[in-house]
Amino acid sequence: MPLKAPRKQSVSMGRGARKRDEDSGTEVGEGADEWTQSKATVRPPDQLDLTDAELKEEFTRILTANNPHAPQNIVRYSFKEGTYKPIGFVNQLAVHFSQVGNLIPKDSDEGRRQHYRDEMVAGPQESARVVLSDAGNLDEDEEPKEPAIEAESQIDMAIAEVAEKVAEEELMTHKQPKDRKLTNQFNFSDRASQTLNHPLRDRECQMEPPPRTNFSATANQWEIYDAYVEELKKQEKIKEKEKTKTPVAKKTGKLAMRKLTSMESQSDDITKVSQAAKIVERMVNQNTYDDVAQDFKYYEDAADEYRDQEGTLLPLWKFQNDKAKRLAVTALCWNSKYNDLFAVGHGSYDFMKQSRGMLLLYSLKNPSFPEYIFSSDSGIMCLDIHVDHPYLVVVGHYDGNVAVYNLKKPHSQPSFRSSAKSGKHTDPVWQVKWQKDDMDHNLNFFSVSSDGRIVSWTLVKSELVHTDVIKLKVEGSTTEVSEGLELHTVGCGTAFDFHKEIDYMFLVGTEEGKIYKCSKSYSSQFLDTYDAHNMAVDAVTWNPYHTKVFMSCSSDWTVKIWDHTIKTPMFIYDLNSAVGDVSWAPYSSTVFAAVTTDGKAHVFDLAINKYEAICNQPVVAKKKNKITHVQFNPIYPIIIVGDDRGHITCLKLSPNLRKMPKEKKGQEVQKGPAVEITKLDKLLNLVREVKTKT
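All of these numbers come straight from a predicted model, not from anything done at the bench.

Each value, and the rule that gives it
- Residues numbered from 1 in each chain as written.
- Predicted model: local features only at pLDDT ≥ 70, side-chain atom pairs only at ≥ 80, totals over all residues.
- Heavy atoms only, no water.
- Core = buried A, V, L, I, M, F, W, Y, C linked by side-chain atoms within 4.5 Å.
- Buried < 20%, exposed > 50% of the residue type's maximum accessible area, 1.4 Å probe, protein only.
- Helix = DSSP H or I, 4+ residues; strand = E, 2+ residues; numbered from the N terminus.
- Contact = heavy atoms within 4.5 Å.
- Pairing = 2+ DSSP bridges.
- Axes fitted to C-alpha atoms, helices over the stretch in contact; angles between N-to-C directions.
- Salt bridge = Lys/Arg side-chain N within 4 Å of Asp/Glu carboxyl O.

### Comments concerning the nonpolar core
Side chains that are nonpolar tend, in soluble globular proteins, to be buried together. If you look at the biggest cluster of nonpolar residues, it comprises 22 residues, and the most contacted ones within it are V559, I561, F571, Y573, V582, F592 and L606. Secondary-structure elements contributing two or more residues to this core are strand 23 (549-554), strand 24 (558-563), strand 25 (571-574), strand 26 (579-584), strand 27 (591-596) and helix 8 (673-693). The residues contacting F592, other than those within four sequence positions of it, are M551, V559, I561, Y573, S583, W584, A585, H602, V603, F604, L606 and F632. V292, F296, V329 and F342 belong to the second-largest nonpolar core, a separate cluster that totals 20 residues.

If you want it as structure tokens, here you go:
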């Protein structure tokens, strides 16, 4: 009965639907439902009316892998061709979705480890569940023998037994330790310790901006055309003038034009930028050698406090130039006005291998490249810089010539140069020295050579005028020839130095080992003669403070200190090698330095130790290198040393090598030349007393 009611409802619903279909004008068969009816097409009002031919027409579309949004007209600038060139290859890849997964294959090592670890964790829990189910579940046929309390106690006992069994199994079988979970290398964050970070400091410097000017101009075709027309007119005028000139005038005009064009090209390219380029080069070098500059300015050897009156030399800069690679350093001289500038003469002491020479001027501000470079056909053996005119440098050559270079003039040729006509030396010039101007205020200098002549040279207008001051003769070597003629053996001069206060007096060292005290007024007589050394005298120099004291060195390994009123030396030092050069310190009357051919520099302070040097230190890289010259800087506590490989090394004196008198409580420290003179006098008086007793 309950199933018949819905059938009536369905019949009535079918009739109602049939009536609606009849009203709408559609014929539907009896017993048909709504879902069997055909769907009527609905036409939108804006649809196009197309013919059959148009409907049958086919439109083909080709699917490609190209990205429709990729740009097709990208261009890049070609520096080779100087134009913009289109790029042929365009990247068509378009990424719509990307995700980084963390799935691990089961067959991999890490997958096996995770599976084993999961089994180890799940093993004890499964065994406990099995025992509990056995104890708690009873068969349906069996009846509970005891009350519920007894069942609960049985469950507790079963759990305890399972726990004991698991513990015994763990003790019996060594349980493998759990593997540490590996961190994901793509999404890994480590624990960080929170520490206090110090605030960063910004070092800033303030400077004046360089001057700037804005230049703007527009060049069009008419301006370019006008410029070309003006240039053509100028050329035509020059051609017309040349036609009217004589042949001699044409030659002179051509030479003048060449000079003008060369000067213009140089001025356009170099001189406008040279000053700025030099400053930038010095800045770059200061950054490159910053640690050396810091040592030069601030470093003091703290170990001197623990040394017993001994000092050290700290190497600073090393100066060398490729053009003077195989030439020895034959002369060194500091500039009197610019304390960072010094001149280096390059030549050769090997008389079988004489070649070219070079004059280089270096600055401590730019150790990588010289400030001035002058080359010569003959080796330079000596040089000197004028005190009042620091741009004038006089040099002596191996071929006997002397020359004066002017640093203000850019060309490399000397401003003054001697010749065979103007009385040049016939042997190498070993030393040159500037002297005070003559009565007519002309610059003059002296030179000494192996030909035995000491010559005074005066700069008159554009030439050198020479005057022979004295001719050296070896005493006791005269030989009589027939007809009453006498032959004198010529003394070969190697070094000389003029007195600091007495203008006319000077000392001359010779190859025979003698030192002559001479006067400018006497050309044929010596004021005194000293039997100084057994070999050639390499250097003679007056003390800068004490007017009676001078020093000499020789290849016989000795350095001797003299009082010019006494014919025997006051101090003698044997340095176990040929002594190339000596130099007094400008800050003390008792400090001097000497260099030997075994590559060592020796610094003495007579006030501290009268018997031996307070510093003996090798200052060249190789033992084969021979040190040839040494010079103290007039202001800074540094010395420069030159060797026979063309290298110049700058060294800083440690505090023990430049000790000044200590301050006493309640007393002012006396300074000045008088203090230095008395300090040296005390030492000389001790020696004089000993000599008078003996």
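### As for the sheet that holds strand 3 (residues 313-319)
In sheet architecture, strand pairing relies on hydrogen bonds along the backbone and comes in two forms, parallel and antiparallel. Overall, antiparallel pairing links the four strands, which are arranged 3-32-31-30 in an open sheet. Two strands in the sheet have a free side with no partner beyond their single neighbour: strand 3 and strand 30 (627-632). For this sheet, the mean angle separating the axes of adjacent strands, direction not counted, is 25°. Two elements, strand 31 (residues 638-643) and strand 32 (residues 648-653), share five bridges in a ladder whose sense is antiparallel.

### Concerning the sheet that holds strand 15 (residues 463-471)
Pairing is antiparallel in the open sheet, where four strands are placed in the order 12-13-14-15. Across the chains shown, the open sheet's two edge strands, defined by having one partner strand only, are strand 12 (429-435) and strand 15. With direction set aside, neighbouring strand axes in the sheet form an average angle of 25°. In terms of strand pairing, strand 12 meets strand 13 (residues 444-449) through six bridges, oriented antiparallel. When the sheet's bridge partners are listed, K433 is paired in strand 13 with F446.

### Observations regarding the pattern of salt bridges
If you walk through the whole model with that rule in mind, you get 13 salt bridges. Of the charged contacts in the structure, one is a salt bridge between R112 and D109, with a shortest N-O distance of 3.3 Å. One end of the pair, R112, and the other, D109, are both in helix 3 (residues 109-136), three residues apart, so they sit about a helical turn from each other. Overall, D109 belongs to the exposed group, its relative accessible area being 53%. The shortest N-O distance in the salt bridge between K436 and D503 comes to 3.7 Å. Of this pair, K436 sits in the loop between strand 12 and strand 13 while D503 sits in the loop between strand 18 (493-498) and strand 19 (505-510); the two residues are 67 residues apart in sequence, bridging distant segments of the chain. By relative accessible area, K436 is classed as exposed at 62%. Among the charged side chains, a network of salt bridges with common partners joins K278, R282 and E371.

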